[in-house]
Amino acid sequence: MIKSKPGKFVEHTLINLGSFLLILFSLSAEALGQPEWRPQWKWETTYDSLGHVVELVESDYDYEYWSLNHRNEYYYTDGLVSEEFTQYAVGDNWQDNNWITNSYDSTGLELSKYYQYWSTLDTQWADWSLRTKVWDQDRNLVEVIDESWFDEMQVLSSRYSYTYHEGNLTARVYEDYADGEWVPKNRWLYEYDALNQNIEEKQQEWKWGDWRDERRSLYFYDSEGYQVEQVMQDYAVLWSTTQRVLKMYNDDNLVEVLAQRPYGDTWVSYARWTHTFDDSNREVYQQKDVSYWVPTTIDDFPNHPSHFEVEPPFPNPFNPQTSIRYHLPVDATVKIVIHDIEGRQVRSLSSKTEVAGSYEKVWNGVDDAGEMVETGLYFVSVTSGEYHQTMKVLFLK
């Protein structure tokens, strides 16, 4: 559940702005017709007798039926999550994926997350990465450092640095570690109104020795301080609106989220999220639906990208998994295949027709036979109609 109150900022929520976009449906039924919604995925949450989340299960919908995708289990010590266990579905069975061990200081601040992955070749848990956090005396997070294991060596990977003013987060900087030094990549700048409500988040990229604007989100609040609208814009000489968001609440709970993109002088709803709560006011179910209604030609969608867009796999190099995100302007058949350096097919990640929207496919280093691949270079081929792109990924064990 995402809820914003005056003066509060949730640290590093990792909400993907491309996939978690929110907006109230306001299309003209006469001009565009009502959207028809189809399920895409759902989350089901289980709690223990103390109210702790002990299990999250995700399922995907493939036009006719639900299929299990992955699940997370949580274990507690003194009321804090001490260990996390993740698995992904292989047919009707669960395959171990990650084991995460958390450490805290005496006041409950998280100090580190130690990640291990299950090696199907060695049939044992293997080191993957370590995330450490540094806090200031005001309990503000000031630094997050990621380290990875490579050939049994622990090496620096990346870090986030945080800056505050009067208790508000004002900047977050992401850097990679390369050739013995930290190299800036991205930063996010935050602005607040007189009520300390975060009203703008601007993302910049380090290019040609300077920070350059890429995109931003503008946030709007109701009289009670709830964040009710989010407008996303990209920068290319001028700021242009690409998507917008509205969040709807009931009894202080976020119950529905709708996403739209510009279409001429109006907006097209393409995705929605619904949240269900139990009698104890705990979220027990979340479902994402996508709309069947989309323009059928690029000319009908002048403000939408005119071609299939694929983001670089992340992380890369990776272990144990990497994500490939892509964006469809219209309904299309998408084929994603992994090949080894000799051109042999290793894994098919996708080969089906999907409605317009944003998607993410995850490769966990397993081939089509369910076996872990060898360390090395692999090629991700993405095809949709006349579009074709091949990207390199490096798998480490």
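Structure shown above.
Criteria and cut-off values
- Residues numbered from 1 in each chain as written.
- Predicted model: local features only at pLDDT ≥ 70, side-chain atom pairs only at ≥ 80, totals over all residues.
- Heavy atoms only, no water.
- Helix = DSSP H or I, 4+ residues; strand = E, 2+ residues; numbered from the N terminus.
- Buried < 20%, exposed > 50% of the residue type's maximum accessible area, 1.4 Å probe, protein only.
- Contact = heavy atoms within 4.5 Å.
- Areas by Shrake-Rupley, 256 points an atom, 1.4 Å probe, with all protein chains shown as cover.
- Pairing = 2+ DSSP bridges.
- Patch = residues over 30% accessible without salt bridge, like charges linked within 9 Å, V, L, I, M, F, W, Y side chains within 5 Å.
- Salt bridge = Lys/Arg side-chain N within 4 Å of Asp/Glu carboxyl O.

Asks: It is not clear to me how the overall build of the protein should be interpreted in this structure. Could you clarify?
Replies: Within the protein, the secondary structure is distributed over one helix and 25 strands. Each of the 397 residues in the protein was classed as buried or not, and the buried ones make up 44%. Once local pairs closer than 6 in sequence are excluded, the contacts in the protein between residues at least 24 apart make up 39%. With an accessible surface of roughly 20700 Å², the protein has 48% of that area assigned to carbon and sulfur atoms.

Asks: Can you walk me through the sheet that holds strand 20 (residues 322–328) in this structure?
Replies: Within a sheet, neighbouring strands are paired by backbone hydrogen bonds and run either parallel or antiparallel to one another. Across the sheet, three strands lie side by side as 19-20-23; this open sheet has antiparallel pairing. The two strands at the open ends of the sheet, each matched to only one other strand, are strand 19 (309–310) and strand 23 (357–363).

Asks: I would appreciate a short explanation of a nonpolar patch on the surface in the present structure.
Replies: Side chains of Phe150, Met153 and Val155 sit close together on the surface and give an oily, nonpolar patch of about 270 Å² of accessible area. Mapped onto the secondary structure, methionine 153 falls in strand 9 (residues 153–165).

Asks: Sorry, what's going on with the pairing of strand 18 (residues 283–291) here?
Replies: The two faces of the sheet receive side chains in turn, since in a regular strand these alternate between them. For strand 18, the tally of buried residues reaches seven of nine residues, placing the bulk of the element in the interior. Bridge count for strand 1 (residues 37–47) against strand 18 is seven bridges, and the pairing is antiparallel. By the bridge assignment for strand 18, tryptophan 43 is matched with glutamine 286. Here seven bridges tie strand 17 (residues 266–277) to strand 18, and the two strands are oriented antiparallel to one another. Considered in strand 18, the bridge of alanine 271 is made with valine 290. Between strand 17 and strand 18, which pair antiparallel in sequence order, lie five residues; one of them, asparagine 281, sits at a positive phi of approximately 65°.

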